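The lines below spell out each chain.
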Amino acid sequence: MVTPMTPDGALDPKGTAALVEHLVATGHDGVVVNGTTGESPTLSPAESIAMVREVKAAAGDRLKVTAGVGSNNTAHAIEMSREATEAGADGLLVVSPYYNKPTQPGLVAHTRALADAAELPIMLYDIPGRTATPFAVDTLVELAKHPQIVAVKDAKGDLWASSEVMAATDLLWYSGADEYNLAHLAQGAHGVVSVVGHVAGEHYAAMIAAVDAGDLARAREIHHRLIPVTNALMSTSQGAIMAKAALAELGVIEHATVRLPYVEGTPEHLEILRDGLAASGIGAAA
């Protein structure tokens, strides 16, 4: 979930409430707050916890709220997990430590320390393109033994490694890259954690239902239909930037404000976005 902001870059509680209503109405059963798409690197710890409270207050029991608490400082991640729990989160998203590049034994120790301290279920976030540190297959198999570690958001782009872990563990698998949603679902993923889902939630809910029903032809049809909007959001500029622009274009949020080092989409990018929404049959642009 993006973090709605006012034109001066402050958190926008009104926009947050409106976005939650939109997500509930368009097929979502959960949201991730303070993930990368929520611009977590530029939110203060206090703002991150405020977002958990605001989203949980707006969603009530209609959505499960998973709070991003990952850090490359294990002690800080543990503290954030405690505060997110107190703020009402239902689960925790834990990304591999970024920049300091721990070894795989260090990654296991870091994640176990978080899991030992956690009261909530944990979804691991595997995105080495941003962190430089993947969760190796053996690491995931080992971490799956911990009772608090129950799921993986997979944005690694290695479908075979995903298959290996799914075959060896009971971890719930979620596609974390919209380009791979159908492929992950077809090989057994439980669901998706999506950027494009901001504007295509009903489509992805239908795709998941089709795969569960064994109707791969229907799932492929939805996948193909969403290619234009997926390209517009994920290949034009940056997912958080374009997701906010799409939500503003559709009237869900009032402002597409992002914080530096992000900058808002250019007129050329916005034109590509409008074309992608229309080609995929989404919203007022269709």
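Preceding this paragraph is the structure being described.
Described below are features of the structure shown in this document. (Residues numbered from 1 in each chain as written. Predicted model: local features only at pLDDT ≥ 70, side-chain atom pairs only at ≥ 80, totals over all residues. Heavy atoms only, no water.)

With that settled, consider the overall build of the protein. Within the protein, the regular secondary structure consists of 13 helices and seven strands. Relative to its length of 286 residues, the protein is compact, with a C-alpha radius of gyration of 18 Å against a globular reference of 19 Å. When its C-alpha atoms are laid out on the principal axes, the protein stretches across 50 × 45 × 35 Å. Accessible surface, the protein as shown: approximately 12,200 Å² in total, 54% of it carbon and sulfur. (Helix = DSSP H or I, 4+ residues; strand = E, 2+ residues; numbered from the N terminus. Rg over C-alpha atoms; globule rule 2.2 N^0.38 Å. Areas by Shrake-Rupley, 256 points an atom, 1.4 Å probe, with all protein chains shown as cover.)

Two faces belong to every sheet, and in a regular strand the side chains alternate between them. Of all five residues in strand β4 (residues 122–126), five are buried; the element is thus mostly enclosed. Residues Ile122, Leu124 and Asp126 point to one face of β4 and Met123 and Tyr125 to the other, with burial holding for every one of them. Relative to β4, strand β3 (residues 91–95) runs parallel, the two sharing four bridges. For Val95, the partnering residue across the bridge sits in β4 and is Tyr125. Between the parallel pair β3 and β4, the chain is carried across by helix α4 (residues 104–117), and the sense of this crossover is right-handed. (Buried < 20%, exposed > 50% of the residue type's maximum accessible area, 1.4 Å probe, protein only. Pairing = 2+ DSSP bridges. Right-handed = clockwise from strand over helix to strand, strands pointing away.)

Moving on to helix α11 (residues 227–234). Residues three or four positions apart in an α-helix share a direction because the helix packs 3.6 residues into each turn. When α11 is considered as a whole, its buried residues turn out to be Val229, Thr230, Ala232 and Leu233. Relative to the axis of α11, the buried residues are bounded by an arc of 160° and lie together on one face. Where α11 is buried, its residues meet α9 (197–212), α12 (239–249) and α13 (267–279). (Arc of directions from axis to C-beta. Contact = heavy atoms within 4.5 Å.)

We now examine the nonpolar core. One finds Leu124 and Leu233 to be the most contacted residues of the largest nonpolar core, which totals 76 residues. Here Leu233 is in contact with Val195, Val196, Gln238, Gly239, Met242, Ala243, Ala246 and Leu273, once residues within four sequence places are set aside. Counting ten residues, the second largest nonpolar core, distinct from the first, contains Val32, Ile127, Ala155 and Tyr174. (Core = buried A, V, L, I, M, F, W, Y, C linked by side-chain atoms within 4.5 Å.)

The subject of this paragraph is helix α7 (residues 159–168). Within the sequence span of α7, burial applies to Ala161, Ser162, Val165 and Met166. The arc that holds every buried residue of α7, seen down its axis, measures 135°, which confines them to one face. Turned more than 90 degrees from where α7 packs its buried face, Trp160, Ala167 and Ala168 sit exposed.

The subject of this paragraph is the packing of aromatic side chains. By the definition in use, this model includes zero aromatic pairs. Here the basic side chain of Lys153 rests over the ring of Tyr125, its NZ or CZ set 4.0 Å away from the ring centre. (Phe/Tyr/Trp six-rings, centres within 6.5 Å; stacked < 30°, edge-to-face > 60°. Lys NZ or Arg CZ within 6 Å of the ring centre and 35° of its normal.)

Now for the pairing of strand β1 (residues 30–33). Sheet topology places β1 next to strand β2 (residues 64–68); four bridges connect them, and they run parallel. Counterpart to Val33 in the pairing with β2 is Ala67. Handedness of the β1-helix α2 (residues 45–59)-β2 crossover: right-handed.

The next point concerns the sheet that holds β4. Strand pairs in the sheet, formed through backbone hydrogen bonds, run parallel or antiparallel to each other. Read from one edge of the open sheet, seven strands run β1-β2-β3-β4-β5-β6-β7, paired in parallel fashion. Edge positions in the sheet fall to β1 and β7 (191–192), since each of these pairs with one other strand and no more.

Its location among the elements puts Val195 in the loop between β7 and α9. Among all residues touching Val195, those that are not within four sequence positions of it are Thr37, Asp178, Leu233, Met234, Gly239 and Ala243.

This part takes up the environment of Ala278. Along the chain, Ala278 falls in helix α13. Residue Ala278 is classed as partly exposed on the basis of its relative accessible area, which comes to 33%. For Ala278 and Arg220, which are 58 residues apart along the polypeptide, the C-alpha to C-alpha distance reads 19 Å.

Moving on, we get to the packing of α2 against helix α3 (residues 74–86). Two elements in contact, α2 and α3, have axes whose closest approach is 10 Å; the angle formed by their N-to-C orientations is 30°. Relative to α3, α2 is oriented roughly parallel. As α2 packs across α3, the resulting crossing turns out to be right-handed. On the side of α2, the interface is formed by Pro45, Ser48, Ile49 and Val52, while α3 contributes His76, Met80, Glu83 and Ala84. Class assignment of the residues belonging to the contact of α2 with α3 gives a composition of five nonpolar, two polar and one charged. (Axes fitted to C-alpha atoms, helices over the stretch in contact; angles between N-to-C directions. Parallel < 35°, antiparallel > 145°, perpendicular 65-115°, else oblique. Left-handed = near helix turned anticlockwise from the far one by under 90°. Nonpolar A, V, L, I, M, F, W, Y, C, P; charged D, E, K, R; others polar.)

Let us now look at the packing of helix α1 (residues 13–25) against α2. Closest axis-to-axis distance for the α1/α2 pair is 9 Å, and the angle between their directions is 45°. Between α1 and α2, the angle is such that the two are oblique. The interaxial crossing formed by α1 with α2 has right-handed handedness. Facing α1, whose interface residues are Pro13, Thr16, Ala17, Val20 and Glu21, α2 presents Met51, Glu54, Val55, Ala58 and Ala59. Of the residues in the contact of α1 with α2, the class split is seven nonpolar, one polar and two charged.

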